[in-house]
Amino acid sequence: MIKVHRIFKVTTATLVAALGFVMIVWAHGRPAPARRADTDSRRMVRLHLTFASGDWANVTDFEGGMIRIEKDGKKLAISPYIRAQGQVELRLFQAVQREGKETMDAAGILLVGKNVTKLEGGGLLTGVQVLDTNKKLSSDQLAEVASTTCCVTTCAGTLVCGVCVCTDCKRCGPGWCDCAAP
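Predicted model, so just to flag it, every value in this text is computed and none were measured.

Conventions adopted
- Residues numbered from 1 in each chain as written.
- Predicted model: local features only at pLDDT ≥ 70, side-chain atom pairs only at ≥ 80, totals over all residues.
- Heavy atoms only, no water.
- Pairing = 2+ DSSP bridges.
- Helix = DSSP H or I, 4+ residues; strand = E, 2+ residues; numbered from the N terminus.
- Axes fitted to C-alpha atoms, helices over the stretch in contact; angles between N-to-C directions.
- Core = buried A, V, L, I, M, F, W, Y, C linked by side-chain atoms within 4.5 Å.
- Buried < 20%, exposed > 50% of the residue type's maximum accessible area, 1.4 Å probe, protein only.
- Contact = heavy atoms within 4.5 Å.

Examining the sheet that holds strand 6 (residues 101–112)
Hydrogen bonds along the backbone pair up the strands of a sheet, which may run parallel or antiparallel.
Next, step 1: The strand order across the open sheet formed by 6 strands is 6-5-4-3-10-9, and the pairing between neighbours is antiparallel. The open sheet has two free edges, formed respectively by strand 6 and strand 9 (150–153), since each of these has just one partner strand. Within this sheet the neighbouring strands show an average axis-to-axis angle of 20°, counted without direction.

What about the sheet that holds strand 8 (residues 125–137)?
Next, step 1: Strand order in the open sheet made by the 6 strands is 7-8-1-2-11-12, with antiparallel pairing throughout. Strands with a single pairing partner mark the edges of an open sheet, and in this sheet they are strand 7 (117–118) and strand 12 (171–172).
Next, step 2: Direction of pairing for strand 2 (residues 56–62) relative to strand 11 (residues 164–167): antiparallel, over a ladder of 4 bridges. Along strand 11, the bridge assignment pairs Asn58 with Cys166.

A look at the nonpolar core
Next, step 1: The biggest cluster of nonpolar side chains holds 25 residues, and the ones touching the most others in it are Leu47, Leu49, Ile69, Ile78, Leu90 and Leu125.
Next, step 2: Elements represented by at least two residues in this core include exactly strand 1 (42–51), strand 2, strand 3 (67–71), strand 4 (74–82), strand 5 (88–98), strand 6, strand 8 and strand 9.
Next, step 3: Looking at which element gives the most residues to this core, the answer is strand 1, with 4 residues.
Next, step 4: Dropping the residues within four chain positions of it, Ile69 is found in contact with Leu49, Phe51, Lys74, Lys75, Leu76, Ile78, Leu124, Leu125, Thr158 and Leu159.
Next, step 5: Formed by 10 residues, the second largest nonpolar core is a distinct cluster that contains Leu142, Val163, Trp176 and Cys179.

Quick look at the structure:
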């Protein structure tokens with residue numbers, strides 16, 4: 001009777017282990033289900049940028065996208081990431097010439113909010129303010145702007161590029177772009 005009981009326990013443990021292994025292998029081969037919110041919309045950031053020459057732009061771009069600014073040969077790129085409590089982390093990149101090639105080097109990280117953040121140093125950008133972090137695009141709107149970037153020049157000659165750009169002189173972007181006509 002003891003031998004039968006021991007054989008039964010060993011057989012049961014082996015079957016449970018084998019079944020567990022099969023379940024792990026089976027689950028590993030299947031892709032994780034996509035979350036509905038990620039497939040239907042993407043978050044966007046709307047920033048108010050003030051430049052050294054006194055001109056300004058309201059720029060809307062995707063979280064993790066790239067806002068480009070150029071003037072007099074100076075080039076700056078900003079990549080926004082939404083953080084807690086309406087704050088936005090801006091990763092700044094600056095154009096640098098190396099061995100005859102232009103590369104974008106990291107220039108710093110800045111955490112900005114609803115209040116104007118003034119920047120020192122005499123660069124292209126003198127102030128940044130978060131206007132909106134709650135903008136989301138539906139899948140129809142995403143299809144409209146999937147790879148679209150528009151560029152507009154301010155009255156003082158600063159070139160600003162993003163998904164939706166409104167400056168003191170002009171505007172460009174899709175129909176949902178929310179800025180008053182200049």
